[in-house]
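Read off the chains here:
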Amino acid sequence: IAWLDVEREFRPTWTNPASGEARPWVVNPFGINREFPIWAIFAMAVPAMGLTLLGFLDQNLTTIIINRPASGVRKPVGYHLDLFVCA
């Protein structure tokens with residue numbers, strides 16, 4: 001479309017100030033300009049496990065509460081469709 005101003009080349013927009021090169025598509029997890037400390041990778045595992053546990057408990061406790069017979073919720077036709085799509 002002529003009125004749509006889209007660049008022909010699709011590339012990252014961030015450029016490295018130290019070298020002037022565009023950021024690569026796959027970012028090195030150990031750092032770009034200087035080495036990322038190994039201890040920081042392991043330190044980030046602690047909050048990651050906490051957030052994973054929080055998401056797991058949120059999903060499962062909500063499901064248990066909603067699916068109780070006392071809640072009186074009638075399941076619609078596509079109730080388990082989200083799990084089917086994920087599988």
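Conventions and cut-offs
- Residues numbered from 1 in each chain as written.
- Predicted model: local features only at pLDDT ≥ 70, side-chain atom pairs only at ≥ 80, totals over all residues.
- Heavy atoms only, no water.
- Helix = DSSP H or I, 4+ residues; strand = E, 2+ residues; numbered from the N terminus.
- Rg over C-alpha atoms; globule rule 2.2 N^0.38 Å.
- Areas by Shrake-Rupley, 256 points an atom, 1.4 Å probe, with all protein chains shown as cover.
- Lys, Arg positive; Asp, Glu negative; His and termini not counted.
- Charge placed at Lys NZ, Arg CZ, Asp CG, Glu CD.
- Polar contact = N/O pair within 3.5 Å; in protein donor to acceptor, adjacent residues only side chain to side chain.
- Contact = heavy atoms within 4.5 Å.
- Buried < 20%, exposed > 50% of the residue type's maximum accessible area, 1.4 Å probe, protein only.

**Structural notes on the overall build of the protein**
Part 1 of the argument: When you go through the protein residue by residue, the secondary structure sums to 3 helices and 0 strands.
Part 2 of the argument: Expected size for 87 residues packed as a compact globule is a radius of gyration near 12 Å; at 23 Å, the protein overshoots this value by more than 25%.
Part 3 of the argument: Its C-alpha atoms give the protein principal-axis dimensions of about 65 × 50 × 20 Å.
Part 4 of the argument: As presented, the protein carries roughly 8,500 Å² of accessible surface, and 67% of it is formed by carbon and sulfur atoms.
Part 5 of the argument: Of note, the protein has its 7 positive side-chain charges centred 13 Å away from the centre of its 7 negative side-chain charges.

**Some details on the side chain of asparagine 16**
Part 1 of the argument: Position of asparagine 16 relative to the elements: it lies in the segment before α1 (38-43).
Part 2 of the argument: At 3.1 Å, the side chain of asparagine 16 forms a polar contact with the backbone nitrogen of alanine 18.
Part 3 of the argument: Excluding its chain neighbours within four sequence positions, the residues that come into contact with asparagine 16 are Glu21, Ile32 and Asn33.

**Details of the environment of arginine 23**
Part 1 of the argument: Structurally, the position occupied by arginine 23 is in the segment before α1.
Part 2 of the argument: Judged by its relative accessible area of 26%, arginine 23 falls in the partly exposed class.
Part 3 of the argument: Through-space distance from the C-alpha of arginine 23 to that of threonine 13 is 7.6 Å; in sequence the pair is 10 residues apart.
Part 4 of the argument: If we skip the residues at most four places from it in the chain, arginine 23 touches Pro12 and Trp14.

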